[in-house]
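# Examining the three-dimensional arrangement
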Protein chains: 2
Amino acid sequence: MLTQPMTTSNSFRRAPAQPVTPARVTMFENSIELMGAVMPFARGAEIYGENEPAEYLYKVIAGAVRTYTVLKDGRRQIGAFYLPGDVFGLEVDDEHAFSAEAIVDCKVMVIKRRALVALAARSGDVAHQLWTMTANELRRAQSHMLLLIKTAQERVAGFLLEMAARSPSTAVVELPMSRQDIADYLGLTIETVSRTLTLLENAAAIDVPTSRRIVLRNHAALNRLNA
Amino acid sequence: MLTQPMTTSNSFRRAPAQPVTPARVTMFENSIELMGAVMPFARGAEIYGENEPAEYLYKVIAGAVRTYTVLKDGRRQIGAFYLPGDVFGLEVDDEHAFSAEAIVDCKVMVIKRRALVALAARSGDVAHQLWTMTANELRRAQSHMLLLIKTAQERVAGFLLEMAARSPSTAVVELPMSRQDIADYLGLTIETVSRTLTLLENAAAIDVPTSRRIVLRNHAALNRLNA
DNA sequence: CGACCATTTGATATGGATCAAGCGATGTGG
DNA sequence: CCACATCGCTTGATCCATATCAAATGGTCG
C-alpha cells in the first residue's frame, strides 16, 4: 500500500548527465546494475531519514527526489534536488546527514553501500568513482552556499539556470517541485519566490505558462542577475 | 621577501583534531610526510587562486588559512577557515574552486596531488583517506549552508561554537581572523557581526576581553540560539 | 458545481544593510 | 616620549529587501 495517492504528472525522465569518462561510466554502471534493485517510491514517501544508518545509496531512474533537514524551529532546508541519472545518499560516515523524499512518484535504484565500498577496496576505478561522486556533491553544496548569500532575484535566476542546465531543454524547465520546495531550497519564503517569478516574467526574462513550467526567454538577463 | 610585514600575533598553534582511525592516520600521515614540503606563507599571501590548476593539496601546520571566492559584484564569500591539522585545496577536478590565502603568517605542508592520486590508485587505504577528506569537506559545506539561512544571532553563535569545538579550549576562542573575514564567512556585514557580539555579551553569553579573544560563558544559551 | 490546495497578490512589519561618525589600539616620525 | 596618523572595531541613524500576515485567484478532483 502506498503512503500517498499515485497522482498527477511524474513525467520527469531525463538522460543521465555525469561528466565522467565513458570507460569508467560503463564499468561503474555495470557494477551498479549488478548490485542494484529498482524500487518505486510514491510521491511524498520517505526514502531515508536523517541520522539513519546509511546502508544504501541511490540513483534516480525516474522522478525527482529532495533531501532536506529540519531546524529546531521547524524551518526546513532542502539540501538538493535529484533528477534522473543523479546519485544521492552517498555517505562516508555511517549516517545520513539529510532525509530524502520522493517529490513525485519515482523509480530509484537502490545499491548496498557495503558492497560498493568493498568493491572499491579492490577496484581503484570504483574507488575513484565514489570519490568523484562525493566531490560532485561538494561542488554542488558549494555553489548552493553561494546562492544563499545572494538577493532573491539572484537566487531565483540562479535556480532556474541550474535547472535549465540539468534539463533536456535549456529553454524550458519542467519543475517537479512546489513553490514551497523551491523556497526551502533557496532560503526564501514561498511569497518571495512567487513575486520574484512574476517580476522576472514582467521583465520578459521568463514565461510561466503554468506554475510548473518555466520558459527561459532571456538567458543573458538571467545570467546578469546571477551575480 | 615577504609580501606583507610580519606583524602582530600569529600565535595560533593547535593540535590536529581529525576523527580518523589511528592506523589510517599513521599510514597516511607517513605518505604525506614523505611527499610534502613545509612552506611559510606571510599574512595575506595567496596560496593559490581560483581556477588555477590544482597541482597541490595543503595541510596547515601553523597559522590559519581562508578560502574564498569573489562574486561578480565584488562581494567576497569565505568558504572555510582552516586551522592547524586541517587539509585544504583537495580537488578531484583539475581546478581549484576557491582561492586560498594565509590569514596570519603560516606554515603549510604542500603535497603534490598527482603523486597522492597515483598512490591512491595502488593503495586502498590512501584512496579511502582522500575520499574521507572530501566527505569531511562536504559535511562542512553542508553545515555552512545551514548557517547561511539562519538569523544573525544564530549565525554568530554557530560560528563561535564551531570555532570553540575546533579549539584546544572549548571555553576560550582565539580568533585569527578579522571581523570582515567573519562577516564574509557568515554572509553578514561587519557591522552586524560587531553588533551581534555586543548583544551576546550583554546577554552574558560571551565575554570579549579583546576583539580577537572570545570567552564562551554560556554554551547552553549559544546552543539555544543555534537553532 | 463545489471543496480543496497551490499559487499569486496586497499591506505592513522588521532584521539586517547602508551611510556616517566615534573610539581605541598600534605604530611612526618628530 | 609624545603627538599624530592609521586601522580595525564599535556604535548610531536611517533605509530597504524580504518576512509576515491576510486575502483573492485559479487549477484539480470528487
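Predicted model, so just to flag it, every value in this text is computed and none were measured. Numbering of residues begins from 1 in every chain and follows the order in which that chain's sequence is written. All chains are assigned letters beginning with A, and all ligands numbers beginning with 1, in the order in which they are written. Only residues with pLDDT of 70 or above have their local features reported here, since the model is predicted, and side-chain atom pairs are shown and tallied only from 80 upward, although totals for entire chains, interfaces and linings are computed over all residues. Where side-chain values are given, they derive from all heavy atoms of the structure, hydrogens and water being excluded.

## Here's the deal with the relation of the copies chain A and chain B
What relates the pair of chain copies is a rotation about an axis plus a shift along that axis. Defined as follows: All copies are superposed by least squares; the fitting set is the C-alpha atoms of residues with a pLDDT of at least 70 in both. The contact rule is simple, with two residues in contact once any of their heavy atoms fall within 4.5 Å.
In the superposition of chain A on chain B (RMSD 0.0 Å, axial shift 0.0 Å), the rotation amounts to 180 degrees. Viewed as a symmetry operation, the transformation between the two copies matches a two-fold axis. When the interface residues of chain A are mapped onto chain B, 97% of them again lie at the interface, so the same face is used by both copies.

## As for the protein's contact with DNA strand C
Note the cut-off: When at least one non-hydrogen atom of a residue lies within 4 Å of a molecule or strand, that residue is treated as near it. Each polar contact in these results corresponds to two N or O atoms within 3.5 Å; when the atoms are within protein, one needs to be able to donate a hydrogen and the other to accept it, and residues that are neighboring in sequence are counted only if both atoms are side-chain atoms. The way it works is that DSSP assigns letters per residue, a run of H or I at least four long becomes a helix, a run of E at least two long becomes a strand, and they are numbered from the N terminus. Amino acids are sorted into nonpolar (Ala, Val, Leu, Ile, Met, Phe, Trp, Tyr, Cys and Pro), charged (Asp, Glu, Lys and Arg) and polar (every other residue, Gly among them).
In the region of DNA strand C, 16 residues are neighbours, and Arg179, Ser194 and Thr198 of chain A together with Ala152 and Thr192 of chain B sit closest. Here the atoms of DNA strand C within 4 Å of the protein split so that 64% fall in sugar or phosphate, with bases taking the remainder. In this structure, Ser194 of chain A approaches DNA strand C through a side-chain N or O atom, which is 2.7 Å from a phosphate oxygen. Going through the elements one at a time, helix H6 (190–202) of chain A together with helix H6 (190–202) of chain B are the ones with two or more residues in the surface near DNA strand C. For the surface near DNA strand C, the element with the highest residue contribution is H6 of chain A, accounting for four residues. When grouped by side-chain class, the residues that make up the surface near DNA strand C number two nonpolar, eight polar and six charged.

## Here we look at the packing of helix H2 (residues 113–122) of chain B against helix H3 (residues 124–147) of chain B
Residue and element names in this part refer to chain B. To keep things clear, this is the line we draw: Think of each axis as a best-fit line through the C-alpha atoms, taken over the contacting stretch in the case of a helix, with angles from 0 to 180 degrees between the N-to-C directions. Oblique is the label for any angle not under 35 degrees, not over 145, and not in the 65 to 115 range, which are roughly parallel, roughly antiparallel and roughly perpendicular in turn. By convention, the crossing between two helices is left-handed when the near helix turns anticlockwise from the far helix through less than a right angle, and right-handed when the turn is clockwise.
Relative orientation of the contacting elements H2 and H3 amounts to 125 degrees, with a least axis distance of 5 Å. Judged by the inter-axis angle, H2 sits oblique to H3. Here the hand of the crossing between H2 and H3 comes out left-handed. Between H2 and H3, the residues in contact are Leu116, Val117, Leu119, Ala120 and Arg122 and Gly124, Val126, Ala127 and Leu130, respectively. Taken together, the residues that form the contact of H2 with H3 break down as seven nonpolar, one polar and one charged.

## Side note on the sheet that holds strand E10 (residues 206–210) of chain B
Residue and element names in this part refer to chain B. Short version of the rule: Pairing between strands is defined by DSSP: at least two bridges between them are needed.
Spatially, E9-E11-E10 is the arrangement adopted by the three strands of the open sheet, whose pairing is antiparallel. On the outer flanks of this sheet lie strand E9 (172–174) and E10, each paired with one strand and no other. Here the strands of the sheet are splayed against their neighbours by 20 degrees on average, with no regard to which way each runs. Both E10 and strand E11 (residues 213–216) contribute to a ladder of three bridges, which runs antiparallel.

## Focus on the pairing of E11 of chain B
Residues and elements named next belong to chain B. We apply this condition: Only protein chains enter the accessibility calculation, which uses a 1.4 Å probe; a residue is then buried when its area is under 20% of its type maximum, exposed when over 50%, and partly exposed in between.
The alternating pattern of E11 places Ile214 and Leu216 on a buried face and Arg213 and Val215 on a face that is not buried. As judged from the three bridges shared by E9 and E11, these two strands associate in the antiparallel manner. In the sheet register, Val173 faces E11, and the bridge partner there is Ile214. Two successive antiparallel strands, E10 and E11, enclose a turn made up of two residues.

## Digging into the confidence of the model for chain A
Spelled out, the test is: Per-residue confidence from the predictor is reported as pLDDT, which spans 0 to 100.
Mean pLDDT over chain A works out to 87, with 85% of the residues at or above the 70 mark. Under a pLDDT of 50 for its full length, residues 1–26 of chain A has, in the predicted model, 40 contacts with residues more than four places off or in other chains.

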